[in-house]
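If you want the building blocks of each chain, they are given just below.
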Amino acid sequence: MTVRRIEKSQPTLSPNMPAWDDTYRGFRWADARALIDGLPAGGMNIAHEAVDRHIAHGRGEHVAIRWLGKTGETVDLSYAELARRSNRFANVLRKLGLHTGDKVFCLSGRVPELYVAALGTFKAQCVFAPLFSAFGPEPIAQRMRLGGANLLLTTQALLKRKVAGLLDQFPGLKVLLVDGAAEGAVSLRAEMERASDHFTIAPTDPETLALLHFTSGTTGTPKGAMHVHEAVVAHNYSGRVALDLHPDDIYWCTADPGWVTGTSYGIIAPLCNGVTSIVDEAEFDATRWYDILEQQKISVWYTAPTAIRRLMKLGAEPVKAHDLSALRYMASVGEPLNPEAVRWGNEVFGMPFHDNWWQTETGAIMISNYASMDVKPGSMGRPLPGIEAAIVQVEGDTARVIEQPGVQGELAIRRGWPSMFRGYLGQEERYRKCFKGDWYVSGDLAKRDEEGYFWFVGRSDDVIKSAGHLIGPFEVESALVEHPAVNEAGVIGIPEETAGEIVKAFVALKPGFAPSDDLKLEIMAHARKQLGPAVAPRDIEFRDELPKTKSGKIMRRLLKARELGLPEGDLSTLEKSE
Ligand code: ATP
Ligand code: MG
């Protein structure tokens, strides 16, 4: 694989981590712990690090969250205001009878109350469990059942459309409504008005459960990953070095808090780092996004490949038509980022997208490209200081580390980092199986090169075995999207007698291109040239769109099930399953 280094535009601030090698070598987690304050009364609480401590440091009036409503309104919440409101919310939970460890589920769009609720829940030492607001009733019920919901915070409209019919399944559940009132539900506004804005966070054991996050369900039924308050050490530190957050940054994480990125990096990490975090209530819209980048003077932008592909579809013109001079750092997570997207960023925005890798289970960024480091397009980067990542071969109950560079194997992380999940709720055996000795085995395949950069190959379930070759779908997809007509590609293996499996690609075209046999042959020829005949797809099928999870990830398992007429499995996370 060729490696092309990118010339980055001159950074306007010196990076928080000037040299990865030096920091990585000498790093101890105690160094990251020293960057948070801890509770005055002892212990560690996410909300204290994210909000209250900034007041003690004289930054209470700095804007913590700027909320952009769908219809053009703007609400600014300073750190001091966020502290008062989250105190009130913690008091409301207490008044409603919730105790340490009780589960606060939240089903709402991106409204200010959601952010207040998350932080107030941490303060009260309850567990915050966000649900993506586009879920239908069954996925909502499934997660609330598994999680043992004590309280649901939602809106009138969502209650009526999705939850009302489920309530008899949850007899003890308290329902708190963001807007207005309804029978059997408590009005948040009325309770907040009555509540005191003083709340003292009780000494919090760092191992206290803080978050219950469901995985995206790309490969099957979602799992409920449990995270504790100690995770804040990794959130704060990774926000600082992987996203290069500085206190005067205006930062925009485009992920919804229904997914782990939207809480770890849409709430906790940015607030811990004292930035102004932009929250946009509206759904993706390219024009709106470019306007936000310009008008809000976003300096650090954290987004996902699915959004980047949608922007790439529209080309360079919209970028040129906006003044994006405030933007200094762009990052991406959630799916593999094709080298083509990194190069596009560099050409069009004058800086690369910095890919990073992590999972719901890891709680925080594990492998990343950093501001001070050269970016190799197509690589996820190098481990976060404190994280020991390796390529391993699993043999029974043990994981053997593959030291030799360039060899494909399972991507594993040595256990014990602060934001490591502490369990899959209700699935202890499944949790145990993720660990082989000291290693957490991620379920993704990757390679490491001589310089310690990691390269994603595919999920272990998606890897294709064809005529003695192990083919990672990502490599094939990346070659396909380099063709000027191709916007997105999903690659799967189809069983075949002689080769074992053959490679088949599903391709969505850019505007201005129409499916035809000629185009198919041209794309196949392009892929053969890039990949060689053994790896290139034998067949290509055009699709208007590829099936995706609600969080925007291509669902290869569904392409395969439909192709082979197999059961489609859990579809509750499919983009359009409502
Ligand atoms: P499920 O576990 O329910 O199937 P999921 O794995 O998609 O869903 P998440 O925890 O949201 O749920 O996603 C983590 C996964 O996303 C990673 O294991 C990896 O497969 C993929 N991923 C995330 N970031 C990257 C990246 N930068 N490059 C490649 N893959 C990535
Ligand atoms: Mg997963």
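Residues numbered from 1 in each chain as written. Chains lettered and ligands numbered in written order. Predicted model: local features only at pLDDT ≥ 70, side-chain atom pairs only at ≥ 80, totals over all residues. Heavy atoms only, no water.

For the rest of this paragraph, the subject is the overall build of the protein chain. The helix and strand tally for the protein chain stands at 18 helices and 28 strands. A compact globule built from 578 residues would reach a C-alpha radius of gyration of about 25 Å, and the protein chain, at 23 Å, matches this within 12%. Projecting the C-alpha coordinates of the protein chain onto the three principal axes gives extents of approximately 70 × 55 × 55 Å. Within the span of the protein chain, comprising 578 residues, buried residues form 61% of the whole. About 22500 Å² of surface is accessible on the protein chain, with carbon and sulfur atoms providing 49% of the total. (Helix = DSSP H or I, 4+ residues; strand = E, 2+ residues; numbered from the N terminus. Rg over C-alpha atoms; globule rule 2.2 N^0.38 Å. Buried < 20%, exposed > 50% of the residue type's maximum accessible area, 1.4 Å probe, protein only. Areas by Shrake-Rupley, 256 points an atom, 1.4 Å probe, with all protein chains shown as cover.)

Right, let's get into the domain arrangement of the protein chain. According to the domain assignment, the protein chain contains domain 1 (20-448) and domain 2 (462-573). Its C-alpha centre places domain 1 at a distance of 31 Å from the equivalent point of domain 2. Every contact between the two is made by 28 residues of domain 1 and, on the other side, 22 residues of domain 2. Summed over both sides, the interface between domain 1 and domain 2 buries roughly 2200 Å², with carbon and sulfur atoms accounting for 56% of that surface. Taken as a group, Thr218, Arg309 and Lys313 account for 24% of the area that domain 1 buries against domain 2, more than any other trio of residues on that side. Counting across the domain 1 and domain 2 interface gives two salt bridges. Glu482 is paired through a salt bridge with Arg343; the nearest N and O atoms lie 3.0 Å apart. (Domains from an automatic or database assignment. Contact = heavy atoms within 4.5 Å. Buried area = accessible area lost by both parts, 1.4 Å probe. Salt bridge = Lys/Arg side-chain N within 4 Å of Asp/Glu carboxyl O.)

Our next topic: the pairing of strand E10 (residues 250-253). Relative to strand E11 (residues 276-280), E10 is paired through three bridges, and the arrangement is parallel. Residue pairing for E11: Ile250 is matched across the bridge by Thr276. Regarding the hand of the β-α-β motif, the stretch spanning E10, helix H10 (residues 260-272) and E11 is right-handed. With three bridges joining them, E10 and strand E12 (residues 300-303) adopt parallel strand pairing. Within E12, the position partnered with Tyr251 by the bridge is Val300. (Pairing = 2+ DSSP bridges. Right-handed = clockwise from strand over helix to strand, strands pointing away.)

Membership of the largest hydrophobic core comes to 105 residues, with the highest contact counts inside it found for Trp29 and Tyr302. Formed by 27 residues, the second largest nonpolar core is a distinct cluster that contains Ile278, Trp289, Ile308 and Met330. (Core = buried A, V, L, I, M, F, W, Y, C linked by side-chain atoms within 4.5 Å.)

Near ligand 1 you find 22 residues, and of these Thr218, Thr219, Asn356, Thr360 and Lys553 are the closest. A distance of 2.7 Å separates an oxygen atom of ligand 1 from a polar side-chain atom of Ser216. One nitrogen or oxygen atom from the main chain of Gly334 is found 3.2 Å from a nitrogen atom belonging to ligand 1. Here ligand 1 has 630 Å² of accessible area as a free molecule, and 95% of this is covered by the chains. For the shell around ligand 1, the secondary-structure elements that each account for two or more residues are strand E14 (353-357) and strand E23 (454-459). Per-element tally for the shell around ligand 1: the top contributor is E14, with three residues. (Near = heavy atom within 4 Å. Polar contact = N/O pair within 3.5 Å; in protein donor to acceptor, adjacent residues only side chain to side chain.)

Attention shifts here to the sheet that holds strand E27 (residues 500-509). Read across the open sheet, the three strands follow the order E26-E27-E28; overall the sheet is mixed. Pairing within the sheet leaves two strands with one partner each, and these edge strands are strand E26 (486-496) and strand E28 (539-542). On average, adjacent strands in this sheet sit at an angle of 25° to one another, irrespective of strand direction. In this sheet, E27 lies alongside E26 in antiparallel orientation, the contact comprising 10 bridges. Bridge pairing links Ala489 to Val507 in E27. Packed onto the sheet, helix H17 (residues 517-531) meets E26, E27 and E28 and runs at close to 130° relative to E28. (Axes fitted to C-alpha atoms, helices over the stretch in contact; angles between N-to-C directions.)

It is worth spelling out the packing of helix H3 (residues 46-56) against H10 at this point. At their nearest, the axes of H3 and H10 sit 8 Å apart, and the two run at 50° to each other. With respect to H10, the axis of H3 lies oblique. When you trace H3 past H10, the crossing you get is left-handed. In this structure, H3 contributes Ile46, Glu49, Ala50, Arg53 and His54 to the contact, and H10 contributes Ile268, Leu271 and Cys272. Here the residues of the contact of H3 with H10 are counted per class, giving five nonpolar, one polar and two charged. (Parallel < 35°, antiparallel > 145°, perpendicular 65-115°, else oblique. Left-handed = near helix turned anticlockwise from the far one by under 90°. Nonpolar A, V, L, I, M, F, W, Y, C, P; charged D, E, K, R; others polar.)

On to the packing of aromatic side chains. In total, this model carries 27 aromatic pairs according to the counting rule given. Where Phe135 meets Trp259, the ring centres are 5.8 Å apart and the plane angle is 80°; that geometry is what we call edge-to-face. Linking Phe135 in the loop between strand E4 (127-131) and helix H6 (137-147) with Trp259 in the loop between E10 and H10, this pair joins segments that are 124 residues apart in sequence. Taken individually, Phe135 and Trp259 each receive the classification buried, so the pair is uniform in this respect. Ring plane angle 75° and centroid distance 5.7 Å describe the contact between Trp344 and Phe349, whose orientation is recorded as edge-to-face. The rings of Trp252, Phe284, Trp289, Tyr290, Trp301, Trp344, Phe349 and Phe353 are connected pair by pair, giving a single aromatic cluster. Residue placement shows Arg143 over the ring face of Phe135; its charged tip is 4.1 Å from the ring centre. Lying over the aromatic face of Phe214, Arg143 brings its terminal NZ or CZ to 5.6 Å of the ring centre. (Phe/Tyr/Trp six-rings, centres within 6.5 Å; stacked < 30°, edge-to-face > 60°. Lys NZ or Arg CZ within 6 Å of the ring centre and 35° of its normal.)

On to helix H11 (residues 286-295), then. Buried residues of H11: Ala286, Trp289, Tyr290, Ile292 and Leu293, and no others. Axial view of H11: buried residues confined to an arc of 155°, hence all on one face. When the buried face of H11 is taken as reference, the exposed residues oriented beyond 90 degrees from it are Thr287 and Gln295. At the exit of H11 stands Lys297, carrying a positive phi of roughly 55°. (Arc of directions from axis to C-beta.)

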